[in-house]
2 protein chains.
Amino acid sequence: MAQVRPMRADARRNYERLLKVAVEAFAEHGEGASLDDIAKRAGVGSGTLYRHFPTRQALLEAAYLDRIEALAARADTLAAERPPGEALGEWLYELGVGMIRMRGLRALLGPAVTEGDAAVATACGDSVRNAADRLVRAARQEGTLRPDVEPMDVLRLAHGVTTASELADAEGRQIRRYLGLLMEGLGPRDR
Amino acid sequence: MAQVRPMRADARRNYERLLKVAVEAFAEHGEGASLDDIAKRAGVGSGTLYRHFPTRQALLEAAYLDRIEALAARADTLAAERPPGEALGEWLYELGVGMIRMRGLRALLGPAVTEGDAAVATACGDSVRNAADRLVRAARQEGTLRPDVEPMDVLRLAHGVTTASELADAEGRQIRRYLGLLMEGLGPRDR
DNA sequence: ACCTGAACACCGTTCAAGT
DNA sequence: ACCTGAACACCGTTCAAGT
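Every value quoted in this text rests on a predicted model; they were computed, and no experiment measured them. Sequence order as written defines residue numbering, which begins from 1 separately in each chain. Key to labels: chains lettered from A, ligands numbered from 1, both in the order written. Given that the model is predicted, a residue must reach a pLDDT of at least 70 before its local features are reported, and side-chain atom pairs must reach 80 or more before they are shown or counted; all residues, however, enter totals for whole chains, interfaces and linings. Neither water nor hydrogens contribute to the side-chain values; these are computed over all heavy atoms in the structure.

1. Focus: the layout of surface pockets
Counted only if it meets this: Using protein atoms alone on a 1 Å grid, points that fit a 1.4 Å probe yet trap it form a cavity, whereas open point sets bounded by protein on both sides within 12 Å along at least five of seven lines form a pocket; residues with an atom within 4 Å of a point count as lining. Grid points are joined across faces, edges and corners, and a volume is the space filled by probe spheres set on the points. Numbered from the N terminus, helices here are DSSP runs of H or I no shorter than four residues, and strands are runs of E no shorter than two. When residues are grouped by polarity, Ala, Val, Leu, Ile, Met, Phe, Trp, Tyr, Cys and Pro land in nonpolar, Asp, Glu, Lys and Arg in charged, and all others, Gly among them, in polar.
Counted as a void, the largest pocket has a volume near 1,100 Å³. Glu31(A), Arg106(A), Thr163(A), Glu31(B) and Arg106(B) are the residues nearest the centre of the largest pocket, which is lined by 28 residues in total. Elements with a minimum of two residues in the lining of the largest pocket: helix H6 (105–112) and helix H8 (151–168) of chain A together with helix H6 (105–112) and helix H8 (151–168) of chain B. Considered class by class, the residues forming the lining of the largest pocket number eight nonpolar, twelve polar and eight charged.

Written out as structure tokens, the structure is:
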């Protein structure tokens with residue numbers, strides 16, 4: 001692994017300003033927020049934005065990296081505090097609430113759960129997939145999750161249910177209920 | 001209701017060419033297909049497209065109206081042929097397959113299941129909601145569907161599950177399985 | 001009554017020129 | 001080494017001029 005050379009002072013400053021403005025812009029206008037506008041609001045030329053973040057996905061990833069890591073850490077906390085099935089359900093709920101509150105997070109997580117043969121190995125994707133892996137494995141062992149359901153299935157379905165609850169209302173008030181119905185379906189067969 | 005005056009011959013011709021090209025373009029490039037390109041390919045000025053279809057939604061609706069009506073009719077056929085729960089499941093499956101095959105149909109149906117206090121009363125939306133209404137009511141009566149689940153909930157969740165299966169792979173090979181898990185969750189509580 | 005296409009605004013992306 | 005901003009391509013939308 002190449003040692004990452006420290007950025008020049010002005011580059012570092014621009015990088016940080018861009019991230020700060022990007023989070024605001026994504027919150028305001030969703031994942032489609034104008035990149036040109038972000039550059040302008042950050043007071044840099046558009047070329048500078050592209051230099052630091054060659055694609056929209058790269059910018060999204062950098063902007064939400066810390067919240068993704070917080071979510072991953074939260075998975076461990078929940079796993080330690082509650083029985084596996086409950087931990088998984090609560091984690092998915094918090095993930096869903098995050099995707100609704102921080103518009104742009106969902107756009108970032110979509111590709112991470114897509115069967116993209118390559119190019120999906122992003123840092124964010126790995127964090128989320130690993131967290132889901134741990135929770136799903138435990139719930140399966142406990143017997144509260146069907147054995148044929150994979151972590152990726154759970155992530156995709158949670159993503160879909162979040163979308164569904166956003167269709168109900170923009171604030172996602174149905175998310176808990178919809179996730180409950182999903183979890184019921186993911187439980188062991190019993191008839 | 002105002003009597004709809006017949007279109008002038010050239011207008012009618014343009015209208016139809018636009019629809020035909022639009023279906024192709026949406027299939028090829030998804031809901032975001034370039035309107036300018038559609039006009040060009042249909043051999044009309046861009047103004048003509050806007051005259052006939054003031055918004056992208058209006059074009060989507062006109063393009064898919066017949067398939068929506070076929071789906072609504074299909075609901076009645078299924079209701080006559082199978083027990084209610086099965087009819088609902090199969091109908092949702094066919095709806096999902098349609099949304100994956102005809103990219104653009106999902107974009108059309110999204111707003112139709114959104115809690116938009118107004119402006120949602122489109123012809124397409126009404127057809128789909130009515131069909132879902134009949135199937136859901138019957139399944140509830142039969143006892144294979146939880147009584148607290150509304151038709152709109154079912155439509156939204158099916159929409160979400162379809163999105164989830166498209167995340168798995170572009171052809172939606174998981175849709176049957178994912179819908180099965182959802183239907184399990186929508187069944188009566190039994191423990 | 002309907003159509004055309006130029007005009008305008010906006011956005012993404014690249015790259016030559018600057019420091 | 002990094003930044004700037006003009007330049008280009010593309011798209012949505014409107015509207016004056018045409019038939």
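There is more to say after this.
2. Side note on the UniProt feature "domain: HTH tetR-type" (unreviewed entry) in chain A
For clarity, the threshold we go by: UniProt positions are given in the numbering used here, feature names are shortened, and annotations may be inferred rather than shown by experiment.
Look at the UniProt record and you will see "domain: HTH tetR-type" (unreviewed entry) annotated at residues 12–71 of chain A. With 80% helix and 0% strand, the stretch residues 12–71 of chain A has end C-alpha atoms that lie 26 Å from each other.

3. Quick look at the protein's contact with DNA strand C
The condition is simple: If a single non-hydrogen atom of a residue is within 4 Å of a molecule or strand, that residue counts as near it. We call two N or O atoms a polar contact when they sit within 3.5 Å, provided that within protein one can donate a hydrogen and the other can accept it, with sequence-adjacent residues counted only if both atoms are side-chain atoms.
With respect to spatial proximity, 20 residues lie near DNA strand C, and among them Leu35(A), Tyr50(A), Arg56(A), Asn14(B) and Thr48(B) are the closest. In the model, a phosphate oxygen of DNA strand C is placed 2.8 Å from a nitrogen or oxygen of the Leu35(A) main chain. The side chain of Arg56(A) places a nitrogen or oxygen atom 2.7 Å from a phosphate oxygen of DNA strand C. Taken together, the elements giving at least two residues each to the surface near DNA strand C come down to helix H2 (35–41) and helix H3 (46–52) of chain A together with helix H1 (9–29) and helix H3 (46–52) of chain B. Tallying contributions element by element places H3(B) first for the surface near DNA strand C, with five residues. Here the residues of the surface near DNA strand C sort into five nonpolar, ten polar and five charged.

4. Comments concerning the packing of helix H7 (residues 123–142) of chain A against H8(A)
Residues and elements named next belong to chain A. The condition that has to hold: Geometry is summarised by axes, namely lines fitted to C-alpha atoms with helices restricted to the contacting stretch, and by angles between N-to-C directions that run from 0 to 180 degrees. Angular relationships are summarised with four words: roughly parallel below 35 degrees, roughly antiparallel beyond 145, roughly perpendicular across 65 to 115, and oblique for the angles in between. The crossing is said to be left-handed when, going from far helix to near helix, the turn is anticlockwise and less than a right angle, and right-handed when the turn is clockwise. Residues are treated as being in contact if the distance between any of their heavy atoms lies within 4.5 Å.
Following both chains from N to C, one finds H7 and H8 inclined at 110°, their axes separated by 9 Å at the closest point. Here H8 runs roughly perpendicular to H7, going by the angle between their axes. The two elements H7 and H8 meet at a crossing, and its hand is right-handed. Contacts from Val-128, Arg-129, Ala-132, Asp-133 and Val-136 in H7 reach Pro-151, Met-152, Val-154 and Leu-155 in H8. Here the contact of H7 with H8 is composed, by residue class, of seven nonpolar, no polar and two charged.

5. Considerations on helix H9 (residues 175–186) of chain B
Filter applied, for reference: Here a helix's expected span is defined as the number of its residues, less one, multiplied by 1.5 Å. Exposure classes here rest on a 1.4 Å probe applied to the protein chains alone. A residue is buried below 20% of its type maximum, exposed above 50%, and partly exposed in between.
Its twelve residues give H9(B) an end-to-end C-alpha distance of 16 Å, which sits within 8% of 16 Å, the value for a rise of 1.5 Å per residue. Buried within H9(B) we find Ile175(B), Tyr178(B), Leu179(B), Leu181(B), Leu182(B), Glu184(B), Gly185(B) and Leu186(B). Each element contacted by the buried residues of H9(B) is listed here: H8 and helix H9 (175–186) of chain A together with helix H5 (84–101) and H8 of chain B.

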